[in-house]
Amino acid sequence: MYHQPVLKNRRTLLERAEKFISDIYFTDCNLRGRLYGDTCPLQSLSSFLTPKRIPFSEAVTQTFQPYTVGDSFGPTWWTCWFKLSLTIPDKWRGKEVHLRWESDGEGMVWKDGEPVQGLTKEGEKTSYILTERFQDGEPHSMTLYVELACNGLFGAGQGSMIAAPDPNRKFSVQKADLVVFNRDVRELLTDFEMLVDIIKLLGEGDQRGFQALFTANEMVNLCDPANPSTFPAARNLAQKFFSQRNGESQHVVHAMGHCHIDSAWLWPYEETIRKCGRSWVTVIRLMEKNPNFIFTCSQAQQFQWVKEWYPGLFSQIQRFVQKGRFIPVGGTWVEMDGNLPSGESMVRQFLEGQNFFKAEFGNYCKEFWLPDTFGYSAQLPQMMQGCGITRFLTQKLSWNLVNTFPHNTFFWEGIDGSRVLTHFPPGNSYEMKGKVEDLVNTVKNNKDKGRANHSAVLFGFGDGGGGPTQLMLDRLERVWDTDGLPKVCMSSPEGLFRALQDDSGLLCTWSGELFLELHNGTYTTQAKIKRGNRQCEVLLHDVEVSSCLAMCQNKTFSYPATKLQEMWRLLLLNQFHDVLPGSCIEMVVDDALVYYKEVESSGTRLLEEACKALVSGGQADACTAVLNTLAWERTEVVSLTEEGTAPPKLALVKVPSVGLAVIQEDVTPSFPVTITTQANGTVHMENGILRAVLDQRGCLVSLSLVNTNREAIADGCLGNQFVVFDDVPLYWDAWDVMDYHFQTRKPVLEVVKPATVMSSGGLRGSVCFSLRVSGHSTITQEVILDAECPYLKFSTQVEWAESHKFLKVEFPVRVRSPNATYEIQFGHLQRPTHRNTSWDWARFEVWGHKWADLSEHGFGVAVLNDCKYGYSCHQNTLTLSLLRAPKAPDVHADMGSHRFTYALMPHMGCFQEANVIQCAYNLNFPLRLMPKAASHQQPWSAFSVSGDGVILETIKQAEAQNNALVVRLYESHGGSASVTLSTRLALREAWHCDLLERPDPKGGVPITSSGIPLDFRPFQVRSLLLHLE
Ligand SMILES: [Zn+2]
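Residues numbered from 1 in each chain as written. Predicted model: local features only at pLDDT ≥ 70, side-chain atom pairs only at ≥ 80, totals over all residues. Heavy atoms only, no water.

**Concerning the sheet that holds strand β22 (residues 622–628)**
Phase 1 of the analysis: Spatially, four strands are ordered β46-β22-β25-β47 in an open sheet, and the strand pairing comes out antiparallel. With one partner strand each, in any of the chains shown, β46 (928–934) and β47 (940–941) form the two edges of the open sheet.
Phase 2 of the analysis: Bridge analysis of strand β25 (residues 659–662) against β47 gives two bridges, and the strand direction is antiparallel. Residue L660 lies in a different strand from β47, and its bridge partner there is W940.
Phase 3 of the analysis: Across the sheet, helix α14 (residues 527–553) is in contact with β22, β46 and β47; its angle to β46 comes to roughly 25 degrees.
Phase 4 of the analysis: Set on the sheet, helix α16 (residues 586–615) makes contact with β22, β25, β46 and β47; between it and β46 the angle comes to about 35 degrees. (Pairing = 2+ DSSP bridges. Helix = DSSP H or I, 4+ residues; strand = E, 2+ residues; numbered from the N terminus. Contact = heavy atoms within 4.5 Å. Axes fitted to C-alpha atoms, helices over the stretch in contact; angles between N-to-C directions.)

Given below as structure tokens:
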């Protein structure tokens, strides 16, 4: 061997090997040209076109018309069913025979009434193996069906991937025939491909690269493509190279098959169901052929879909789950957005997910899995720990536009101190292909070299599904332990994380949020989805609280557990990481809004039923009572007339904590609201707490606290200033707002209707005005000051028809602080108001929930809102993001009418002492009117919490037990607290439980005469299981 003269010319040797396997050059004489043998046409091919996604049983009863390969059909989102009759020629005995199928649509092969394999050109799946070795006795003829979706792996974007779908795209089948597949050629090609990649990737600085070069070169010498008997010698040579082993210290790659399927994105939810079917049935085929193959799969919702639509496939999956090869991961209902869902929504993601996995597969997941989500809340570690999860995998922070995240394997510590072992696959992808490049990058990019010697490689086509291929498995199969490359093992999340845990002594800790320095427009895009999310979260909270109270008060009332689960699942589905962020196509937005509507109408009905059960018996002397679902006493002005009725009939009502009170219509406030218009057109409003001065454009000239005369608005500045920015990102339109948008700031100055008084005072003073943003867009706002209310409300209506503009509202305040505070799930965190370092300024647009606050010692100003999530704060200007106008992937994103409310709340002291947190809840959770209450109904409170800072957030029926409640509380101030939870309900016993409602094995909690004493660490979330008498 190596006896021929081989000159020192690396380039020609390398290119010679490349040309030997090229699919473009020299295919007449090279190895690639021999991959396929004889071909044979199908006996017949016919088709049937339908606009709907119908089951197989319905499709096969339709009339199929003859179809000629190349003919086009469509349009986008339709389905073309094909019936194929085929006969394998006799003379192909001993050969491997494939059905070759190439189309730009996504296909599923059906055989004997069952789905058997996906066919997607973009996912490198263009053949279905009819027989691996055609033998006597095997049937020569068969009938197959192919269900072809008129969309590609990434939908049908017009011109670019993320452009809005082309509704009129035509599709075709370009190839449909039988072909002899030369497996020995495929194997040898794979050897060559791996060697060529090793030569290129290890480069000239590495002697292994040259060993690969000479091996490949000699293989070309040995191999005659026309003579398969020469192949074994060449393969042996490759095998010899691949089996030269590493030393003991080499990095270990844990390879796992994966298939990221966005639950909806550039295609609607309904298509995702088929994407799951196509992708997962193909995984099962690969498992049958590759006994070591392991596949990881997330999102309970997708399993649920497959269970409903493909029960046969679901049973096969269950069998492979039992074998530990098809591994459910993640523990959540969907891979949700990591920023915007509320604390309780996050808990329900895990609760619904983990309960599903436990019920269907026997186990809870141990890993949280969000490879593709746009940032991760600092509250997630505590949520994971509370749901039996101690490990987390993602890679999305590799997309940071500004700073490189410093770790790949580390401990992530949340705001309460909970820690989880976290891994970012250093290959920076969740859809690797098992190539040499993936392995080399994994080692090279690992930022914890010497600290962590194990990494994940997730391989398989993703986003639109597809998953692993045989070729990916064949690549990895060659290099389990090849000197120069990391060691590879087919592994599982358990295998990876156990290895990382066992050797975690040198790992670093990252404390606080994992902020993605990209996609910051997703806090604002698709405002109606954001509003639907917030409103449904509030509604489900209120339905649960009121139903629990009704269940305890009225034995005839039954808790609507099934209905609530359905509603929660719809809400959780819409929290998927391309839906709630607003990065989806218009069809998905439409579906999402329909789901919100369903939750809203069912929720409203359930709330009414619960309220009715709570106040039943008052027919004779009926009057209106008010329900307060929050755990503190509230004194507020409520409107007794339908929204939009002018003037509204108002009443001031005091309602106890988690309780109800009858409205006394003659209650007068201690300080009625006064409102006066000055000669220059400015309007003064005052309620004994706040004094506001508005100019004719609705801007706040002044806002001060009456008692201390402390001014909130910065000198010479105007609050409530609307501003518009040009908003043209670099590529990801719906996703990104770039730092440079600040340079295009334009105040909205044109007045359509100057500030005029709407409500003249007493219980409510309000002022209305309209502004023009442009020729197409207007803002109409009612500024409302209620009696007894510590904040000024801005009830806003926007007609929005812009292109690539960003609307915000600014509040320059008289506060100096290096940090602003933002509410997150069950807590809050701080972010800088300065732009010192790249880590500071990269957070120029951030997310928060119901409030954000900017405070100096002794004084601060908070902005509250009822459905917004985007904020920015630079120096002393706190800004709320309102509306964007991206054009891709939804060309109509955010066009139309919008309604939202925000509020401004200046306060003395810190925001904790000033009850900013409670006020933000009050703004979001309206007091609910309960008609037909008995007038003798005394104010009544079901639960209250004594002591500061602890919020009782959730009251629900326990999942598994009808006669038990689960209540969830959290410490909201960021300090240790000792409180007592009191209840009027008769309790038999109380237990601490985790977020999955599993009781604390250490025993019950004492119930004293004053209630249940509870201790909290800062931001701790605690759940209690309360067994009712
Ligand atoms: Zn995704």
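**Observations regarding the packing of α14 against α16**
Any two packed helices are characterised by the angle at which their axes cross and by the distance between the axes.
Phase 1 of the analysis: Contact geometry for α14 and α16: axes closest at 8 Å, N-to-C directions at 25 degrees. Taken as axis vectors, α14 and α16 run roughly parallel relative to one another. Between α14 and α16 the crossing geometry is left-handed.
Phase 2 of the analysis: When grouped by side-chain class, the residues that make up the contact of α14 with α16 number 17 nonpolar, eight polar and three charged. (Parallel < 35°, antiparallel > 145°, perpendicular 65-115°, else oblique. Left-handed = near helix turned anticlockwise from the far one by under 90°. Nonpolar A, V, L, I, M, F, W, Y, C, P; charged D, E, K, R; others polar.)

**Looking at a nonpolar patch on the surface**
Phase 1 of the analysis: Where nonpolar side chains cluster on the molecular surface, the patch consists of M161, L401, V402, L730, Y731 and W841 and spans about 540 Å² of accessible area.
Phase 2 of the analysis: Inspection of the secondary structure puts W841 in helix α17 (residues 838–841).
Phase 3 of the analysis: Of the residues examined, W841 reaches a relative accessible area of 31% and is grouped as partly exposed. (Patch = residues over 30% accessible without salt bridge, like charges linked within 9 Å, V, L, I, M, F, W, Y side chains within 5 Å. Areas by Shrake-Rupley, 256 points an atom, 1.4 Å probe, with all protein chains shown as cover. Salt bridge = Lys/Arg side-chain N within 4 Å of Asp/Glu carboxyl O. Buried < 20%, exposed > 50% of the residue type's maximum accessible area, 1.4 Å probe, protein only.)

**Observations regarding the side chain of T120**
Phase 1 of the analysis: Tracing the sequence through the fold places T120 in the loop between β8 (114–119) and β9 (127–131).
Phase 2 of the analysis: The exposure class of T120 is buried, given its relative accessible area of 6%.
Phase 3 of the analysis: With sequence-adjacent residues up to four places away left out, T120 is seen in contact with E106, G107, K125 and L153.

**Quick look at the pairing of strand β49 (residues 950–957)**
Phase 1 of the analysis: Taking burial as the measure, the eight residues of β49 include eight buried ones, the bulk of the element.
Phase 2 of the analysis: Judged from the seven bridges that link them, β49 and strand β50 (residues 964–971) form a sheet pairing that is antiparallel. Counterpart to I951 in the pairing with β50 is Y970.
Phase 3 of the analysis: What sits between the antiparallel neighbours β49 and β50 is a turn of six residues.

**Some words on helix α9 (residues 343–361)**
Phase 1 of the analysis: In this model α9 runs 27 Å from its N-terminal to its C-terminal C-alpha over 19 residues, within 8% of the 27 Å that 1.5 Å per residue would give.
Phase 2 of the analysis: G362, located one to two residues past α9, shows a positive phi value of around 90 degrees. (Expected span 1.5 Å × (residues − 1).)

**Points about the nonpolar core**
Phase 1 of the analysis: Among the nonpolar cores identified, the biggest contains 295 residues, and W280, F326 and F943 are the most heavily contacted of them.
Phase 2 of the analysis: Among the elements that take part in this core, α14 stands out by supplying 13 residues, more than any other.
Phase 3 of the analysis: Residue contacts for F326: discarding those within four places in its chain leaves W280, V283, I284, M287, F295, C297, F303, I317, F320 and V321.
Phase 4 of the analysis: Residues V97, F134, V146 and V180 belong to the second largest nonpolar core, which totals 30 residues. (Core = buried A, V, L, I, M, F, W, Y, C linked by side-chain atoms within 4.5 Å.)

**A few points about the coordination of the zinc ion**
Phase 1 of the analysis: Protein-derived ligands of the zinc ion are H260 (NE2), D262 (OD), D372 (OD) and H577 (NE2), with the metal-ligand distances lying across 1.9 to 2.1 Å.
Phase 2 of the analysis: The coordination sphere of the zinc ion comprises four donor atoms, whose angles at the metal cover 90 to 155 degrees; the geometry is irregular.
Phase 3 of the analysis: Written as a sequence motif, the donor residues of the zinc ion are H-x1-D-x109-D-x204-H. Here the residue H260 occupies a position in the loop between β12 (252–258) and α6 (269–289), and D372 occupies one in the loop between β15 (367–369) and α10 (380–386), the gap between them amounting to 112 residues. Grouping residues by exposure puts H260 and D372 together as buried. (Donors = N, O, S within 2.8 Å, 3.2 Å for Na, K, Ca; no water. Tetrahedral: all angles 85-135°; square planar, octahedral: opposite > 155°, others 65-115°.)

**Digging into the packing of aromatic side chains**
Phase 1 of the analysis: Across all of its chains, the model carries 55 aromatic pairs by this definition.
Phase 2 of the analysis: Judged by centre distance (5.3 Å) and plane angle (65 degrees), the rings of Y376 and F392 are edge-to-face. Highlighted residues: Y376 in the loop between β15 and α10 and F392 in strand β16 (residues 391–393), separated in sequence by 16 residues.
Phase 3 of the analysis: Residue Y376 is classed as buried on the basis of its relative accessible area of 0%.
Phase 4 of the analysis: A relative accessible area of 0% places F392 in the buried class. (Phe/Tyr/Trp six-rings, centres within 6.5 Å; stacked < 30°, edge-to-face > 60°.)

**Observations concerning the UniProt feature "domain: Glycoside hydrolase family 38 central" (unreviewed entry) in the chain**
Phase 1 of the analysis: Sites flagged by UniProt as "domain: Glycoside hydrolase family 38 central" (unreviewed entry) map to residues 517–596.
Phase 2 of the analysis: Span residues 517–596 is 65% helix and 0% strand, its end C-alpha atoms 30 Å apart. (UniProt positions renumbered as here; feature names shortened; annotations may be inferred.)

**Side note on unusual backbone geometry**
Phase 1 of the analysis: Of note, the amide linkage connecting G74 to P75 takes the cis form, showing an omega dihedral of 0 degrees.
Phase 2 of the analysis: When you line up the elements, P75 lands in the loop between β4 (72–73) and β5 (79–87).
Phase 3 of the analysis: With an omega dihedral of 5 degrees, the bond running from A888 to P889 counts as a cis peptide bond.
Phase 4 of the analysis: As for its position among the elements, P889 is in the loop between β44 (877–884) and β45 (896–908).
Phase 5 of the analysis: Phi angles above zero are rare outside glycine, and D112 is one such case at about 50 degrees.
Phase 6 of the analysis: Note that D112 resides in the loop between β7 (106–111) and β8.

**Overview of the environment of P818**
Phase 1 of the analysis: Inspection of the secondary structure puts P818 in the loop between β37 (805–812) and β38 (819–824).
Phase 2 of the analysis: Taking the C-alpha atoms as reference points, P818 and T833, separated by 15 residues in sequence, lie 5.3 Å from one another.
Phase 3 of the analysis: Setting aside its immediate chain neighbours within four residues, P818 contacts R831, P832, T833 and H834.

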